[in-house]
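# Examining the three-dimensional arrangement
Chain by chain, the residues:
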Amino acid sequence: MSIKDWSADERPREKLLQRGAAALSDAELLAIFLRTGIAGKTAVDMARELLRDFGSLRGLLAADRQRFCESKGLGDAKYAQLQAVMEMARRHFSEVLQRGDALTSPDATRAYLSAQLRGYDFEVFACLFLDNQHRVIQWEELFRGTIDGASVYPREVAKRALYHAAAAVIFAHNHPSGINEPSQADHLLTDKLKQALGLFDIRVLDHFIVGDGLPYSFAEHGLI
């Protein structure tokens, strides 16, 4: 049965228009992006197969061009479209943060950090440098590592904060495993960074860990 033959409240596009994008499953969202299926399969069927093959929506979004285009029904055109959508999302959340206070826009901050860091299959440590009104001065990826971790040097972080004349910072790093709980090393690193930046009266407002689901906030758990 074609999607056109489904009842209106079951069709992904109509469902989105009536109830909002958050009401859709990963497969339904992906089906809207795909627009059409292939012979014998609806776009939703195809989306479910892709999610199974790639392990998750995150796995699909993070796939490189070769792996993505190997899947039946995909190709360079779809890959280009997907990369454009992801970059537009990153720029949108960047503009939202640039216009306002990073602390009064926690949802936008989380969304921005997720868009920036979730696609990597290796660990990346990054920083939002903020002025004394908590407005974003600059976003920088500072260190990159393997899936086992990145080497982060407090002295280099302090140098970048002073270069940007930052009054405060928000740290973020990703866990390629998808587990967004802090390790003991994450706790120790955060304490070292607070001590180093404290020497220059630069406040550490939060440290986010980006994995699957919502990024973990040190501040919300009373750890900052």
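To be clear, the structure that these remarks concern was listed above.
The present account deals with the structure reproduced in this document. It should be emphasised that the depicted structure is a prediction, and the values quoted were computed from it without experimental measurement.

The next thing to look at is the overall build of the protein. If you tally the helices and strands in the protein, you get nine helices and five strands. Seen through its C-alpha atoms, the protein measures out along the principal axes to roughly 65 × 35 × 30 Å. Taken over 224 residues, the protein has a buried fraction of 42%. Carbon and sulfur atoms provide 51% of the accessible area of the protein, an area that totals close to 12300 Å². The positive charge centre, built from 27 side chains, and the negative charge centre, built from 30, are 4 Å apart in the protein.

This next bit is on the pattern of salt bridges. When the charged atoms of two side chains with opposite charge come close together, those side chains can pair. The full count for this structure, using the stated rule, is 12 salt bridges. One salt bridge in this structure joins R52 and D53, with 3.9 Å as the shortest N-O distance. Here R52 falls in the exposed class, since its relative accessible area comes to 58%. Note on D53: relative accessible area 45%, which makes it partly exposed.

The next subject is the sheet that holds strand β2 (residues 136-144). The strand order across the open sheet formed by five strands is β2-β1-β3-β4-β5, and the pairing between neighbours is mixed. Both edges of this open sheet fall to β2 and β5 (216-217), since each of them pairs with a single strand only. As paired strands, strand β3 (residues 168-174) and strand β4 (residues 203-210) are joined by seven bridges and run parallel to one another. Bridge pairing in β4 places F171 opposite H207. Along the sheet, helix α8 (residues 154-163) makes contact with β1 (124-130), β2 and β3, crossing β2 at roughly 155°.

The space that makes up the largest pocket amounts to roughly 1300 Å³. For the largest pocket, the lining is made up of 35 residues, of which L57, L61, M86, A89 and R118 are closest to its centre. For the lining of the largest pocket, the secondary-structure elements that each account for two or more residues are α2 (26-34), α4 (57-62), α6 (76-99) and α7 (106-117). Of all the elements, α6 adds the most residues to the lining of the largest pocket, at eight residues. Classifying every residue of the lining of the largest pocket by side-chain character gives 22 nonpolar, five polar and eight charged.

Next up on the list: the environment of D107. Relative to the helices and strands, D107 is located in helix α7. Classification of D107 as exposed rests on a relative accessible area of 63%. Here the alpha-carbon distance between D107 and F93, two residues 14 residues apart in the chain, equals 9.7 Å.

What follows deals with helix α9 (residues 184-198). Taking 1.5 Å of rise per residue, 15 residues should cover 21 Å, and α9 covers 21 Å from first to last C-alpha, within 8% of that figure. Those residues of α9 lying buried are D186, L189, T190, L193, A196 and L197. In an axial view of α9, the angular spread of the buried residues amounts to 130°, which keeps them on one side of the axis. Among the exposed residues of α9, those pointing more than 90 degrees away from its buried face are Q184, K192 and Q195. Check the buried side of α9 and you find it contacts β1, α8, β3 and β4.

Sheet topology note: the β1/β2 ladder contains seven bridges and is antiparallel. Note that in β2 the partner of A126 across the bridge is E141. Hairpin remark: β1 followed by β2, antiparallel, with five residues in the connecting loop; positive phi at H134, about 65°.

This part takes up a nonpolar patch on the surface. A cluster of nonpolar side chains, namely L162, L199 and F200, defines an oily patch on the protein surface of about 330 Å² accessible area. Along the polypeptide, F200 turns up in the loop between α9 and β4.

Next up on the list: the packing of aromatic side chains. Counting across every chain of the model gives seven aromatic pairs. Between Y112 and W139, the aromatic rings sit 5.3 Å apart at their centres with planes inclined by 85°, giving edge-to-face as the arrangement. Note that Y112 is positioned in helix α7 and W139 in strand β2, a separation of 27 residues in sequence. Judged by its relative accessible area of 13%, W139 falls in the buried class. Considering the side-chain rings of F125 and F171, the 5.3 Å spacing of their centres and the 35° angle between planes classify their relative orientation as tilted. Taken together, the residues F125 in strand β1 and F171 in strand β3 connect sequence positions 46 residues apart. Feature note: the residues F125, F143, Y153 and F171 constitute an aromatic cluster, connected by ring pairs. Stacked on the ring of F54, the Lys or Arg R67 has its end atom at 4.0 Å from the ring centre.

The rules we used
- Residues numbered from 1 in each chain as written.
- Predicted model: local features only at pLDDT ≥ 70, side-chain atom pairs only at ≥ 80, totals over all residues.
- Heavy atoms only, no water.
- Helix = DSSP H or I, 4+ residues; strand = E, 2+ residues; numbered from the N terminus.
- Buried < 20%, exposed > 50% of the residue type's maximum accessible area, 1.4 Å probe, protein only.
- Areas by Shrake-Rupley, 256 points an atom, 1.4 Å probe, with all protein chains shown as cover.
- Lys, Arg positive; Asp, Glu negative; His and termini not counted.
- Charge placed at Lys NZ, Arg CZ, Asp CG, Glu CD.
- Salt bridge = Lys/Arg side-chain N within 4 Å of Asp/Glu carboxyl O.
- Pairing = 2+ DSSP bridges.
- Contact = heavy atoms within 4.5 Å.
- Axes fitted to C-alpha atoms, helices over the stretch in contact; angles between N-to-C directions.
- 1 Å grid on protein atoms, 1.4 Å probe; cavity = no way out; pocket = protein on both sides within 12 Å on 5 of 7 lines; lining within 4 Å.
- Points joined across faces, edges and corners; volume = space filled by probe spheres on them.
- Nonpolar A, V, L, I, M, F, W, Y, C, P; charged D, E, K, R; others polar.
- Expected span 1.5 Å × (residues − 1).
- Arc of directions from axis to C-beta.
- Patch = residues over 30% accessible without salt bridge, like charges linked within 9 Å, V, L, I, M, F, W, Y side chains within 5 Å.
- Phe/Tyr/Trp six-rings, centres within 6.5 Å; stacked < 30°, edge-to-face > 60°.
- Lys NZ or Arg CZ within 6 Å of the ring centre and 35° of its normal.

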